[in-house]
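Close look at the chain arrangement
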Amino acid sequence: MDKTALRKKYKALRNSLSENEIEEKSLAIANKILTLPLWEQTYFHIFLPITEQKEINTEFILHILSGKDKEIIISKADFATLKMTHFLLTDNTKIKKNDYNIPEPVDGIEIPSTKIDVVFVPLLAFDEKGNRVGYGKGFYDAFLSECKPDAIKIGLSLFEPEELITDVFEGDIRLDYCVTPNSIHSF
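This text gives an overview of the structure that appears in the document. The shown structure was predicted, so the numbers you read here are calculated from the model rather than taken from an experiment.

**Some details on the environment of K32**
- Along the polypeptide, K32 turns up in helix 2 (residues 19-33).
- Among all residues touching K32, those that are not within four sequence positions of it are V179, T180, P181, N182, S183 and I184.

**Section: the sheet that holds strand 10 (residues 177-179)**
- Strands sit in the order 3-2-1-6-9-10-11 across an open sheet of 7 strands; the sheet is mixed. Each edge of the open sheet carries a strand with a single partner, namely strand 3 (83-88) and strand 11 (184-186). The mean inter-strand angle of the sheet, taken between neighbouring strand axes irrespective of direction, is 25°.
- One ladder, built from 3 bridges, connects strand 9 (residues 152-156) with strand 10; its direction is parallel. Across the sheet, residue L156 finds its bridge partner in strand 10, namely V179.
- Seen against the sheet, helix 2 touches strand 6 (118-121), strand 9, strand 10 and strand 11 and runs at an angle of roughly 140° to strand 10.
- Across the sheet, helix 4 (residues 139-146) touches strand 1 (43-45), strand 2 (71-78), strand 3, strand 6 and strand 9, and the angle it forms with strand 3 is around 60°.

**Regarding the packing of helix 2 against helix 3 (residues 59-67)**
- Contact geometry for helix 2 and helix 3: axes closest at 8 Å, N-to-C directions at 30°. Judged by the inter-axis angle, helix 2 sits roughly parallel to helix 3. Classified by chirality, the crossing of helix 3 by helix 2 is right-handed. In this structure, helix 2 contributes E23, S26, L27, A30 and I33 to the contact, and helix 3 contributes F60, I61 and I64.
- Taken together, the residues of the contact of helix 2 with helix 3 sort by class into 6 nonpolar, 1 polar and 1 charged.

**Side note on the pairing of strand 9**
- Of all 5 residues in strand 9, 5 are buried, a share of seventy percent or more.
- With burial as the criterion, each face of strand 9 is covered, one bearing I152, I154 and L156 and the other bearing K153 and G155.
- For strand 6 and strand 9, the ladder comprises 4 bridges, and the chain directions are parallel. By the bridge assignment, V118 is partnered in strand 9 with I152.

**Observations regarding helix 3**
- Among all positions in helix 3, only I61, L62, I64 and L65 are buried. One face of helix 3 carries all of its buried residues, which in axial projection span an arc of 160°. The exposed residues of helix 3 that point more than 90 degrees off its buried face are H63 and G67.
- Turning to helix 3, the residues buried within the fold contact helix 2, strand 1, strand 2, strand 6 and strand 9.

**Some thoughts on helix 4**
- In terms of residue burial, helix 4 counts as a mostly covered element, since 6 of its 8 residues are buried.
- Taken residue by residue, helix 4 has F139, Y140, D141, A142, F143 and L144 as its buried positions.
- Here the buried face of helix 4 lies against strand 1, strand 2, strand 3, strand 6, strand 8 (132-133) and strand 9.

**Section: the pattern of salt bridges**
- For the structure shown, the criterion picks out 6 salt bridges.
- Salt-bridge contacts for D117 lead to K148; the nearest nitrogen and oxygen are separated by 2.6 Å. Taken together, the residues span a long stretch of sequence, with D117 in the loop between strand 5 (103-105) and strand 6 and K148 in the loop between helix 4 and strand 9 at a distance of 31 residues.

**Examining the packing of aromatic side chains**
- Per the counting criterion, the structure on display carries 7 aromatic pairs.
- Plain terms: the ring middles of F126 and F187 are 6.3 Å apart, the flat faces sit at 75° to each other, and that makes the pair edge-to-face. You can see F126 sitting in strand 7 (residues 125-126) and its partner F187 sitting in the segment after strand 11, a full 61 residues away along the chain.
- Since its relative accessible area comes to 1%, F126 is described here as buried.
- For F187, a relative accessible area of 29% corresponds to the partly exposed category.
- Among the aromatic side chains, those forming a connected cluster through ring pairs are W39, F44 and F120.
- The ring of W39 carries K68 above its face, with NZ or CZ at 5.1 Å from the centroid.

What counts, and where the lines are drawn
Residues numbered from 1 in each chain as written. Predicted model: local features only at pLDDT ≥ 70, side-chain atom pairs only at ≥ 80, totals over all residues. Heavy atoms only, no water. Helix = DSSP H or I, 4+ residues; strand = E, 2+ residues; numbered from the N terminus. Contact = heavy atoms within 4.5 Å. Pairing = 2+ DSSP bridges. Axes fitted to C-alpha atoms, helices over the stretch in contact; angles between N-to-C directions. Parallel < 35°, antiparallel > 145°, perpendicular 65-115°, else oblique. Left-handed = near helix turned anticlockwise from the far one by under 90°. Nonpolar A, V, L, I, M, F, W, Y, C, P; charged D, E, K, R; others polar. Buried < 20%, exposed > 50% of the residue type's maximum accessible area, 1.4 Å probe, protein only. Arc of directions from axis to C-beta. Salt bridge = Lys/Arg side-chain N within 4 Å of Asp/Glu carboxyl O. Phe/Tyr/Trp six-rings, centres within 6.5 Å; stacked < 30°, edge-to-face > 60°. Lys NZ or Arg CZ within 6 Å of the ring centre and 35° of its normal.

So this is what it looks like as structure tokens:
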């Protein structure tokens, strides 16, 4: 299936989920993440969910990272340049939703992409080869291309993989893992 068809299919699937189902699936994903070989890393980038889009609730993962004393990085998107700026999440970080309902830091301590060890990647769908489909703006492909080559890229999906995304581009960055409520896929 191509990316356009997958976006349509998975937006509809997500919209069919209740708030309770999203919470249960999000908790199951967080528990699976605990088994991944990444806890010696320091800098963890995570996205804050767009609740209006019924994205996975990353609050459970945030609690795990905080409990393990990890440095947590969140981003702010610039829709004019399609680039993201990354900030350290601290007790003083003020979060505000942008025009697309994306919760973002207002400002803070900027962290370069090259310092990030682990990136939790939002997605709508993924395939058995580790390719992903996002909303189509290219924010994450641009960001992941700036990260160090050994940064661990972990997709978070409410659903299991498709067999194949047919229109993968050269600039698309593949995942190392994708965690679903039922399993961990390694690529």
